[in-house]
Amino acid sequence: QVQLQESGPGLVRPSQTLSLNCTVSGGSISSTTYYWSWVRQPPGKGLEWMGYSYYSGSAYYNSSLKSRISISVDTSMNQFSLRLTSVTAADTAVYYCASWAFGSGPNAFDIWGQGTMVTVSS
Amino acid sequence: QSALTQPASVSGSPGQSITISCTGSSSDVGSYNLVSWYQQHPGKAPKLIIYEVTQRPSGVSGRFSGSKSADTASLTISGLQADDEADYYCCSYAGSISLFGTGTKVTVL
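What comes next concerns the included structure. Keep in mind it's a predicted model, so treat the numbers as computed, not measured.

Cut-offs and rules
Residues numbered from 1 in each chain as written. Chains lettered and ligands numbered in written order. Predicted model: local features only at pLDDT ≥ 70, side-chain atom pairs only at ≥ 80, totals over all residues. Heavy atoms only, no water. Helix = DSSP H or I, 4+ residues; strand = E, 2+ residues; numbered from the N terminus. Buried < 20%, exposed > 50% of the residue type's maximum accessible area, 1.4 Å probe, protein only. Contact = heavy atoms within 4.5 Å. Areas by Shrake-Rupley, 256 points an atom, 1.4 Å probe, with all protein chains shown as cover. Lys, Arg positive; Asp, Glu negative; His and termini not counted. Charge placed at Lys NZ, Arg CZ, Asp CG, Glu CD. Polar contact = N/O pair within 3.5 Å; in protein donor to acceptor, adjacent residues only side chain to side chain. Pairing = 2+ DSSP bridges. Axes fitted to C-alpha atoms, helices over the stretch in contact; angles between N-to-C directions. Salt bridge = Lys/Arg side-chain N within 4 Å of Asp/Glu carboxyl O. Core = buried A, V, L, I, M, F, W, Y, C linked by side-chain atoms within 4.5 Å. Phe/Tyr/Trp six-rings, centres within 6.5 Å; stacked < 30°, edge-to-face > 60°.

1. Here's the deal with the overall build of chain A
When helices and strands are tallied, chain A shows zero helices and 11 strands. Each helix and strand of chain A, placed in order from N terminus to C terminus, yields the pattern β-β-β-β-β-β-β-β-β-β-β. By principal-axis analysis of the C-alpha atoms, chain A measures approximately 45 × 30 × 25 Å. By residue count, 50% of the 122 residues in chain A fall in the buried class. Residue pairs at least 24 apart in sequence account for 55% of intrachain contacts in chain A once pairs closer than 6 positions are excluded. Accessible surface, chain A: about 5,200 Å² in total, of which carbon and sulfur atoms supply 47%. Here chain A contributes 6 positively and 5 negatively charged side chains, and the mean placements of these two sets differ by 12 Å.

2. Section: the side chain of B:Ser36
With respect to the helices and strands, the residue B:Ser36 is situated in strand β3 (residues 35–40). Look at B:Ser36 and you get buried, because its relative accessible area is 0%. Looking at B:Ser36, its side chain comes within polar contact range of the side chain of B:Tyr38, at 2.9 Å. Residues contacting B:Ser36, with those up to four places away along its chain left out, are A:Ala108, B:Leu48, B:Ile50, B:Tyr51, B:Tyr89, B:Cys90 and B:Cys91.

3. Examining the sheet that holds strand β7 (residues 69–74) of chain A
All names here are of chain A. Strands sit in the order β1-β3-β8-β7 across an open sheet of four strands; the sheet is antiparallel. Two strands bound the open sheet, and with one partner strand each, they are β1 (3–7) and β7. For this sheet the average axis-to-axis angle between neighbouring strands, irrespective of direction, equals 20°. The pairing of strand β3 (residues 18–25) with strand β8 (residues 79–84) spans six bridges and is antiparallel. Pairing of serine 19 across the sheet is with arginine 83, part of β8.

4. Examining the pattern of salt bridges
As enumerated under the stated definition, the model contains four salt bridges over all chains in all. Between A:Arg68 and A:Asp91 there is a salt bridge, with the nearest N and O atoms lying 3.0 Å from each other. Of this pair, A:Arg68 sits in the loop between β6 (59–61) and β7 while A:Asp91 sits in the loop between β8 and β9 (93–101), and the two are 23 residues apart along the sequence. Residue class for A:Asp91 comes out buried when judged on its relative accessible area of 2%. One salt bridge connects B:Arg63 with B:Asp84, and the closest N-O pair in it is separated by 2.7 Å. Placement of B:Arg63 in the loop between β4 (47–50) and β5 (64–69) and of B:Asp84 in the loop between β6 (72–77) and β7 (86–93) is noted, with a sequence separation of 21 residues between them. Residue B:Arg63 is classed as buried on the basis of its relative accessible area, which comes to 17%. Three or more residues are tied together by salt bridges with common partners; here these are A:Arg40, A:Glu48, A:Arg68 and A:Asp91.

5. Details of the nonpolar core
By size, the foremost hydrophobic cluster in this structure holds 43 residues, and its most contacted members are A:Phe109, A:Trp112, B:Trp37, B:Leu75, B:Tyr88 and B:Phe100. No other element matches β7(B), which puts five residues into this core. Within the second largest apolar cluster, 27 residues are counted, among which are A:Val2, A:Leu20, A:Phe80 and A:Val87.

6. Focus: the side chain of A:Arg68
A polar atom in the side chain of A:Arg68 sits 2.9 Å from the backbone oxygen of A:Thr85. Aside from chain neighbours lying at most four places away, what touches A:Arg68 is A:Arg83, A:Leu84, A:Thr85, A:Ser86, A:Val87 and A:Asp91.

7. Description of the packing of aromatic side chains
Evaluation of the coordinates by the stated rule reveals 23 aromatic pairs over all chains. Seen from their ring centres, A:Trp112 and B:Tyr38 are 5.7 Å apart, and the 70° between their planes marks the pair as edge-to-face. Of this pair, A:Trp112 sits in strand β10 (residues 108–112) while B:Tyr38 sits in strand β3, on two different chains. Taking the relative accessible area as the measure of exposure, A:Trp112 reaches 12% and is therefore buried. For B:Tyr38, a relative accessible area of 0% translates into the label buried.

Structure below.
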């Protein structure tokens, strides 16, 4: 059973770069049937898809974040990462990593990490 | 990339059935049978309860069912129970991207 766990700083200064990791356990990040994803949720608000990456590095992003976001996959560490540059208070949110299983899978976000709260503040 | 539209809140009494709508467009909900639904209890991660419009993951109660007509998908919860009180989000594939709905708070009266 694949499990996901987010890690990274809980506080980021405005204009700095937010960096989070998601460690995949119980399975291989090199699986050909998953997109590795980030979803965030500002306090009291709804879910926002941020983007996903295939193990090979092909990535797709929410156009509202496109100039600031990158998602990368590290097969040697069995983890994937989120980088969001030039953050503001509007980027304060719970950040979830999730897997999108496609093909014979459910074609949905079937596995989620527990989420990590990131606050942008000076 | 606009969020899919859901009612902000829906309520019902125990044992009743409720339906949550999720309205998109011909570019997302209307084009793909890849609508999924997620249940989120306070302070918890979302949980997949419906995928590919009508399919239930193993372990999800049969009281949850999904459907779609044109650009609108729907989630029905039958035999409403206290533990169904949560936030519900739809999500649609939209050609290399995903769109979530605005979310619906379900209250069990």
